[in-house]
Amino acid sequence: MPIHPTTAPHKESMPSTAVAVSALPVAPPSTPEPAVIPSTTMGTTPPLHNLPTTFQHTMPSSTQQAPTTEAGADTLLKDSIAGGKEAHVGLLSTPAPGGHSEDTADVSHKESAVDPVTVSASTALSGDAGVMGPLGEVLPPSSTAVVTLWSEENDDGEASLETGPPVSSASAPSGDGEEGPVSTDFSHAQDVNFQSDPAEFFLPQGDEDSLVSGGSFACPCVETVQGSSLLPVNIERKITLVGRNLHLFKDEELDYECVLAIEGRSVVVAAFVEMDDSQSSLFYITCQLHQYSYSAAVEEYNAAITVRRRGSFQMDSPQGLHVRLYNCSVGRSDCSRCRTAQQQYSCVWCEGVHSSCVFNSSCTDHIQHTCPAPHIHLIEPLSGPVEGGTVITISGSNLGQRAEDVQHSVTVAGAPCKVIPSRYEVSSSIVCETTASGGERRGQVSVEVKEGGTGQSVQHFHYQDPVLLGVSPLKGPMSGGTSLTIMGRGLRTGQLSEISVLIGGVPCLISSELEDEQIKCLTGGSNRTGERGVTVQFGSAERHLQTSSYHYTPDPNITSAAPCKSFLSGGRVIRVSGQNLDVVQEPRIRVTLSPLELHFSGRKRRKRKSDGHSRREDRHWPLKRQRRIVPEPGCPEDSLCDVKQIEEHCTVNSSTLLLCPTPELGPEARHAAINVHFLLDNLSFDFKAVSGSPFSYELNPILHPLNRGDPSKPYRHKPGSVISVEGENLDLAIFKEEVVALIGDGVCAVKTLTRNHLYCEPPTQQPSVSTSKKREGADALPEFTVRMGNLNFSLGRVQYDSQGQAMFPLEAQVGVGVGAFIVALIVLVIVLIYRRKSKQALRDYKKVQIQLENLETSVRDCCKKEFTDLMTEMMDMSSDLVGSGIPFLDYRTYAERIFFPGHRESPLRRDLDVPACRRVTVEQGLVQLSNLLNSKLFLTKFIHTLEGQRTFSPRDRAYVASLLTVALHGKLEYFTDILKTLLSHLVEQYTTKNPKLMLRRTESVVEKLLTNWMSICLYSFLRDSAGESFYMLFRAIKHQVDKGPVDAVTGKAKYTLNDNRLLREDVEYRTLTLNVLVTSGGASESQTVPTKVLDCDTITQVKEKILEQTWKGTSYSQRPSTDSVHLEWRAGMAGHLILSDEDLTSVVQGSWKRLNTLQHYKVPDGATVTLVARQSKQVHHDSHDYVPGEKTPMLEDGDEGGVRQWHLVKASEEPELSKHRRGSLRERERERAKAIPEIYLTRLLSMKGTLQKFVDDLFTVILSTSRPVPLAVKYFFDLLDDQAAQHNITDPETIHIWKTNSLPLRFWINILKNPQFIFDVQASDNVDAVLSVIAQTFMDSCTIADHKLGRDSPINKLLYARDIPRYKQMVERYYADIRQTISASDQEMNSALAELSRNYSSEVNHLVALHELYKYINKYYDQIITALEEDSTAQKMQLGYRLQQIAAAVENKVTDL
């Protein structure tokens, strides 16, 4: 028991002496502090003399064993009078378990004028008993007795504790305090705390002898726990401890406390003490009511318990004193397990909303006395032979409380299954052996528990009758190693691990995954040849192949191999002769390179068999050529530091001949030991053993070009002579018969081969050029090539010298002269004609040049005019926007269109599709699912499991990612953490492939999550910064497109940037200004709004332009649609006519019907029109002609079979020439334009020049760093830089591509192509086509690769060819500026994300998104549960259990809970 040191009252001023008794020889410590030293058992030594009488009371008798000490001890002190001097005697003993150092008081030390002395107690202590303490207790033998005397006083008159260097037992102090020699074997402890009670307690007057004689019972202590030490968790319980001698404490006002050590923390509970009525020294310490708990997943936890006095020290107690906490729910997840708990635990199954196993008194719901029916989760395997004998494992819950409950009640597909009691696990697993079924059948597994109901599996077990149909090949060597394929039906029967193949009793090792129709295995070695039966064992059942058998043939044998040299380049064919070589499946040649040092050092130890016999090897080599090269760090170039093996496949020529090409080696082979082996399945033959000489590699040959003076010129060959080629090392490792020399396609026969020369005889006629050279478009002269093994030398072109006659006959000379004259005359005529044509072409060229200059001037003037008009219109529109503002979408609509593009109905708009009676339960389950999604482990497992399913399409990935975005919208900080984790997984995946392809397409969930994350974070930037420039560009495009003709059928327009949408016709049109009557107040109040249209516009196009002009201050979604109104032309007060695209007046030409336009109705400039609401059709019978003053809508014609519509141009035919043409000149111009439709490409340039300012403004806003860059962009770009650094990716192009794919590609391109995502507008097909060209230009600007443009390049890229380099500089500057700015900390980003969550979380419907997510969980439920069960951390977190609870709530289905 630790005791605090106290100061004795100062009686007289005199020097004091310090004496310590130690169990070991000790030496002076380096600093004057008390020491506790470890010790071993000591022998008996002479007793101490001259010790005070009171101190001798503490010494054991001669029969007692000398004490030993251990590190760390409590100090017990007792006052003693030694020679008229006051002394304190301390005994160091091992502290009680559970003691706390913070309960002891530190003692301050001061240097002493008289050094204290420590004396070994071994001089006086002997025997087996422990040391008697100052209070009479028996100390354990592992104790050290220390006597310490205080040596001086403090200023206030109180003595202070002094310690000094202890001395050995050889220098026991005398009465006057002298000390002898000091031992140097002392181990000094620096930190010792001394504790004691007041001095009066130790020396009551007249009671010294009684205290000492009392033994251990004289000390206040705690003995045991009264009653049961079992305590249920989370239930208030009292603990009663039995103590003794508590009345000895003088400070009775101090309270008591119980201290329990639970999982590294101390639980302190107030306590009170009651004295036993019969024994005055017996006390009961009662710890107050308290609920105890622990988090460890164990049924029972031993918590050490001690008692201390409040603010004071800890009381002694037996070692290992503890109480036992237990938790009924641990390990008892179902009713059956709960009922098997020991009765002393009083555990019951509490039925309720969350059923569980609890302590009986804590159940507030119904106590279930009968367990529910068993629930089977899994059976394994799912098949077995009809003979039975298959051991099946049935996993589930409530499968009984002991094996006898299900002993005779398990059936598999209707057949009994014998339970194996030794492998039964309570409630969760039954292992049984199937019995014979009598035939093939399929059925469920049924388990009936005694007094517990019956449960059936969802899975079906299949009794199968496997059949063997054949084996291939039918023969192989007796040494084995042959790969067999056994065909059949139902071969995946029973436990796959119990399926084995025997060939005549010899095991055949299964080498690949089992299939239902075939098994592949490697044959083992047999000791004899002949036919062998093929047997497949399915556990205890066997099937034999009846139709054929396998034949073991004699092993292949190699008798000779030649040649024995090869060039380093390899490719030389070695002819291997022997017997039975055709039975080998995979013959190979292996070259082994060993460092010379390793070879020489191991030569003496290695005994090699060189008798030519084969040896068996394990069949583990690959089927393809393999190089195993593992260079050591710092290995010199062209040298070998490790063993290397290279293999090459051989070709079976016949049963007696193999052709093996030598492998290619590097230059390090010249400085290595070379061993060559032939591998014939399981056999290996050493080249040296079969050929008698070692194999060697020689330097590669060198051949010089034929024309060494100028290799670019052809070699001139005179027919009839041989070709001589110079070189080096030509015949070191090849014969002339193996050299192949070719001139084009002709063979140059090698006649002689020496060390430095090769002579070959070429064909008599110059051969043709080889086919490969013809494809390459090479010269017409044939190439001279030489092939030596794997080496191919191209030595130059060869030109044959032609041999003419020595003298021509006279007739021939005359003929040649006449022919030459005729040829010269013809050439002269051709030259004259060519000059005339050239002058005409030059004149035509100048004409075309003048026309092009005029065209360029007209295009420039047109651009200026169009731009001026557009700027005027845009200024008017800007003034209109001041009042109405930009029609931004609200965040909810924006999120719907970004997250779920292409969905007719967004999940954010729907309500939960569940019955009202289950709505509350389902919502609770969805809330639990939301909490489960907060588990990072579950969420990542869930996503990776879904992505691993083949049926999980890319559309499903994007949909699930958007659902997760909605579900986690209120926790964007956590959402960002998940995004970072998944992104790191994606980076690891792509670093093994091509990292430049990462984030290019939406092929994973994380890529769609990134798109959504960027869209959320940049919404405010869109509204505040980039939105205005983008909207102005959109309006400029729409205005410019509508300014010219647009074909309503083909969608082609005069003004566009997309050449596929360009109207390549000259359409006559003029601009009309219509006065539109708009009702502003009452029915009689109206005003006129002028609207510009084209006379070639269809009626629907006119209505769109009128709605655009009259409702320009209203968002598109608030406007009426064109189908809901009629266009009415009013002429005068009474003339009303409804105009439509089709009616009885439509022009029909053959199978073509033209849509009606204003030109068709002859509507004049300044005409008055109005829009009237569409109602039911009105049929007027008086007249179909137009009569002023009457409403006479034209009747629409009915269905016309085979009639095709057209507007400006016909879709598949050339437009017919108009019958009303104004002269032949205009007609010729139109014909020329038709012949060259590219003449209209200048319209693209005009459109580009008009929109240039708006495109530049938008790109500048997006790529500008003059204003603060969005925090999300900086944060994510830094994240990509960190990921690249972690994976050692230093290529700046790769990092640039990552950033481009994450921001411009995933966000800006998506917005640029879809303005309806951010604005309440309608984008027509023509506007979309223009925006696509601009978006593609933006994407090209963000790439590093240079785009080489030519005549065949797309028109869209040629349009912005000059602008893209400037835009690229903007992008590179944008990325560089972002990287140089101060990094965004996680705290700043989390703060911004938290604000976004608060602002927008109410805009989305979390429950519907969770319900949609659960549909995917339900679809892949088994795979998700399996993934969670395979992860140990997920098991500890009970993620699978929580998912089952959610399924029970949402699906209302029974689980194993």
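Conventions and cut-offs
- Residues numbered from 1 in each chain as written.
- Predicted model: local features only at pLDDT ≥ 70, side-chain atom pairs only at ≥ 80, totals over all residues.
- Heavy atoms only, no water.
- Helix = DSSP H or I, 4+ residues; strand = E, 2+ residues; numbered from the N terminus.
- Buried < 20%, exposed > 50% of the residue type's maximum accessible area, 1.4 Å probe, protein only.
- Contact = heavy atoms within 4.5 Å.
- Areas by Shrake-Rupley, 256 points an atom, 1.4 Å probe, with all protein chains shown as cover.
- Patch = residues over 30% accessible without salt bridge, like charges linked within 9 Å, V, L, I, M, F, W, Y side chains within 5 Å.
- Salt bridge = Lys/Arg side-chain N within 4 Å of Asp/Glu carboxyl O.
- Lys, Arg positive; Asp, Glu negative; His and termini not counted.
- Charge placed at Lys NZ, Arg CZ, Asp CG, Glu CD.
- Pairing = 2+ DSSP bridges.
- Bend = angle between axes of the 7 residues up to and from the residue.
- Disulfide = S-S within 2.5 Å.
- pLDDT = per-residue confidence, 0-100.
- Axes fitted to C-alpha atoms, helices over the stretch in contact; angles between N-to-C directions.
- Core = buried A, V, L, I, M, F, W, Y, C linked by side-chain atoms within 4.5 Å.
- Polar contact = N/O pair within 3.5 Å; in protein donor to acceptor, adjacent residues only side chain to side chain.
- Phe/Tyr/Trp six-rings, centres within 6.5 Å; stacked < 30°, edge-to-face > 60°.
- Lys NZ or Arg CZ within 6 Å of the ring centre and 35° of its normal.
- Parallel < 35°, antiparallel > 145°, perpendicular 65-115°, else oblique.
- Left-handed = near helix turned anticlockwise from the far one by under 90°.
- Nonpolar A, V, L, I, M, F, W, Y, C, P; charged D, E, K, R; others polar.

**A few points about the overall build of the chain**
Here comes step 1: Helix and strand content of the chain: 30 helices and 63 strands.
Here comes step 2: Put simply, the chain has 1457 residues, and 46% of those count as buried.
Here comes step 3: Counting only contacts in the chain whose residues sit at least 6 apart along the sequence, the fraction spanning at least 24 positions is 72%.
Here comes step 4: For the chain, the exposed area adds up to about 72900 Å²; of that, 50% sits on carbon and sulfur atoms.

**Focus: a negative patch on the surface**
Here comes step 1: There is a patch of like negative charges on the surface, built from Glu513, Glu515, Asp516 and Glu517.
Here comes step 2: Turning to its location among the elements, Glu517 is positioned in the loop between strand S29 (506-510) and strand S30 (518-522).

**Description of the pairing of S30**
Here comes step 1: Bridging between strand S27 (residues 483-489) and S30 involves 5 bridges; their strand directions are antiparallel. Note that in S30 the partner of Ser483 across the bridge is Leu522.
Here comes step 2: Sheet analysis places S29 next to S30, joined by 2 bridges and oriented antiparallel. What sits directly across from Ile510, in S30, is Cys521.

**Quick look at the pairing of strand S43 (residues 657-661)**
Here comes step 1: Here strand S37 (residues 573-579) pairs with S43 via 5 bridges, running antiparallel. Among the inter-strand pairings, Ser577 is bridged to a residue of S43, identified as Leu657.
Here comes step 2: Between strand S42 (residues 651-654) and S43, which pair antiparallel one after the other, the connecting turn spans 2 residues.

**A word on the sheet that holds strand S53 (residues 757-761)**
Here comes step 1: Ordered in space as S47-S49-S53-S52, the 4 strands form an open sheet in which the pairing is antiparallel. Edge strands, defined here as strands with exactly one partner in the open sheet, are strand S47 (702-703) and strand S52 (749-753).
Here comes step 2: In terms of strand pairing, strand S49 (residues 723-728) meets S53 through 4 bridges, oriented antiparallel. Looking at S53, one finds that Ile723 is bridged to Cys760.

**Thoughts on the environment of Val1255**
Here comes step 1: Within the secondary structure, Val1255 is located in helix H19 (residues 1242-1262).
Here comes step 2: Separated by 221 residues in sequence, Val1255 and Phe1034 have C-alpha atoms that sit 9.9 Å apart.
Here comes step 3: When sequence neighbours within four positions are dropped, the list of residues in contact with Val1255 reads Leu1033, Ile1334, Tyr1360 and Tyr1367.

**Here we look at helix H15 (residues 1019-1043)**
Here comes step 1: The largest bend along H15 measures about 70° and falls at Ala1026.
Here comes step 2: In terms of burial, H15 is a largely internal element, 18 of the 25 residues being buried.

**With respect to the state of the cysteines**
Here comes step 1: Considering all chains together, one arrives at 9 disulfides under this definition.
Here comes step 2: Two residues, Cys748 and Cys760, share a disulfide whose sulfurs are 2.0 Å apart. Note on the Cys748 and Cys760 pair: the S-S dihedral is about 85°, so by sign convention the disulfide is right-handed. Note that Cys748 is positioned in the loop between strand S51 (746-747) and S52 and Cys760 in strand S53, a separation of 12 residues in sequence.
Here comes step 3: Residue Cys748 is classed as buried on the basis of its relative accessible area of 1%.

**Brief notes about the confidence of the model for the chain**
Here comes step 1: Taken residue by residue, the chain gives an average pLDDT of 76. The fraction at 70 or more is 74%.
Here comes step 2: For residues 1-213, every residue scores under 50 in pLDDT, and the model assigns this stretch 454 contacts once sequence neighbours within four places are set aside.
Here comes step 3: Every residue in residues 600-631 is under pLDDT 50, and counting partners more than four places away or in other chains gives 54 contacts.

**Things to note about the sheet that holds strand S14 (residues 347-351)**
Here comes step 1: Spatially, the 3 strands line up as an open sheet ordered S15-S14-S16, and their pairing is antiparallel. Only two strands of the sheet have a single partner each, and these edge strands are strand S15 (356-359) and strand S16 (366-368). The mean angle between the axes of side-by-side strands here comes to 55°, regardless of whether they run parallel or antiparallel.
Here comes step 2: Where S14 meets S15, 4 bridges bridge the pair, whose relative direction is antiparallel. Paired with Cys347 across the strands is Phe359, a residue of S15.

**Side note on the pattern of salt bridges**
Here comes step 1: In the structure shown here, the tally under the stated rule is 37 salt bridges.
Here comes step 2: A salt bridge links Glu726 to Arg708; the nearest nitrogen and oxygen atoms lie 3.0 Å apart. Here Glu726, found in strand S49, pairs with Arg708, found in the loop between S47 and strand S48 (715-717); they are 18 residues apart in sequence, far enough to count as distant.
Here comes step 3: The residue Asp1278 makes a salt bridge to Lys1274 at a minimum N-O spacing of 3.1 Å. Here Asp1278 pairs with Lys1274, and both are found in helix H20 (residues 1271-1286), just 4 residues apart, close to one helical turn.

**Let's talk about unusual backbone geometry**
Here comes step 1: Note that the residue after Glu380, namely Pro381, is joined by a cis bond; omega there is 0°.
Here comes step 2: The peptide bond linking Ser472 to Pro473 adopts the cis configuration, its omega dihedral lying at -10°.
Here comes step 3: Along the polypeptide, Pro473 turns up in the loop between strand S25 (467-472) and strand S26 (475-477).
Here comes step 4: The backbone of Asn245 shows a phi angle near 60°, a positive value even though the residue is not glycine.
Here comes step 5: Of note, Asn245 is situated in the loop between strand S8 (236-244) and strand S9 (256-262).
Here comes step 6: Positive phi is not limited to glycine here, since Asn1288 has a value of about 55°.
Here comes step 7: Looking at the element boundaries, Asn1288 is found in the loop between H20 and helix H21 (1292-1302).

**Notes on the nonpolar core**
Here comes step 1: Of all hydrophobic cores here, the largest spans 140 residues; its most connected members are Leu933, Phe942 and Trp1013.
Here comes step 2: With residues up to four places along the chain from it excluded, the contact list for Phe942 reads Val960, Leu1413, Ile1417 and Ile1424.
Here comes step 3: Judged by nonpolar contacts, the second largest core, of 29 residues, contains Val225, Leu241, Tyr292 and Tyr301.

**As for the side chain of Thr592**
Here comes step 1: Among the secondary structure elements, Thr592 is positioned in strand S38 (residues 587-595).
Here comes step 2: Not counting chain neighbours up to four residues away, the residues in contact with Thr592 comprise Val643, Lys644, Gln645, Ala673, Ile674 and Asn675.

**Some words on the side chain of Arg332**
Here comes step 1: By the secondary structure assignment, Arg332 is in the loop between strand S13 (322-326) and helix H4 (335-339).
Here comes step 2: At 3.0 Å, the side chain of Arg332 forms a polar contact with the side chain of Glu299.
Here comes step 3: Leaving out residues up to four positions away in the same chain, Arg332 has contacts with Glu299, Asn327, Arg337, Cys338, Ala341, Tyr345, Trp349 and Cys357.

**Details of a nonpolar patch on the surface**
Here comes step 1: Together, Leu810, Val814, Val818, Phe821, Ile822, Leu825, Ile826, Leu828, Val829, Ile830, Leu832 and Ile833 line one region of the surface with nonpolar side chains, adding up to about 1200 Å² of accessible area.
Here comes step 2: As for its placement among the helices and strands, Leu825 is situated in helix H8 (residues 810-884).
Here comes step 3: By relative accessible area, which is 46% here, Leu825 ends up partly exposed.

**Remarks on the environment of Gln1087**
Here comes step 1: Summarising the element assignment, Gln1087 is placed in strand S57 (residues 1086-1094).
Here comes step 2: Looking at Gln1087, the relative accessible area reads 44%, which means it is partly exposed.
Here comes step 3: Put simply, Gln1087 and Leu1077 are 10 residues apart on the chain and 5.7 Å apart in space, counted from C-alpha to C-alpha.

**Overview of the packing of aromatic side chains**
Here a ring pair, both rings aromatic, is described through the centre-centre distance and the interplanar angle of the planes.
Here comes step 1: Per the stated rule, a full pass over the model turns up 28 aromatic pairs.
Here comes step 2: With a centroid separation of 5.1 Å and 55° between ring planes, the pair formed by Phe1259 and Phe1338 is classed as tilted. Of this pair, Phe1259 sits in helix H19 while Phe1338 sits in helix H23 (residues 1325-1341), placing them 79 residues apart in sequence.
Here comes step 3: Here Phe1338 falls in the buried class, since its relative accessible area comes to 1%.
Here comes step 4: Through a chain of ring-to-ring contacts, the aromatic side chains of Phe899, Phe900, Phe952, Tyr959, Tyr1416 and Tyr1420 assemble into a single cluster.
Here comes step 5: One Lys or Arg, Lys993, reaches over the ring of Tyr990 and ends 5.8 Å from the middle of that ring.
Here comes step 6: Directly above the ring of Trp1206 sits Lys1210, whose terminal nitrogen or CZ lies 5.3 Å from the centroid.

**Some details on the packing of H15 against H23**
Here comes step 1: At a closest axis distance of 10 Å, the pairing of H15 and H23 adopts a crossing angle of 130°. Of the possible angle classes, the one that applies to H15 and H23 is oblique. The handedness of the crossing between H15 and H23 is right-handed. Where H15 abuts H23, its residues Phe1030, Leu1033, Phe1034, Ile1037, Lys1038 and Val1041 lie against Asn1326, Val1327, Val1330, Leu1331 and Ile1334.
Here comes step 2: Of the residues belonging to the contact of H15 with H23, the class tally is 9 nonpolar, 1 polar and 1 charged.

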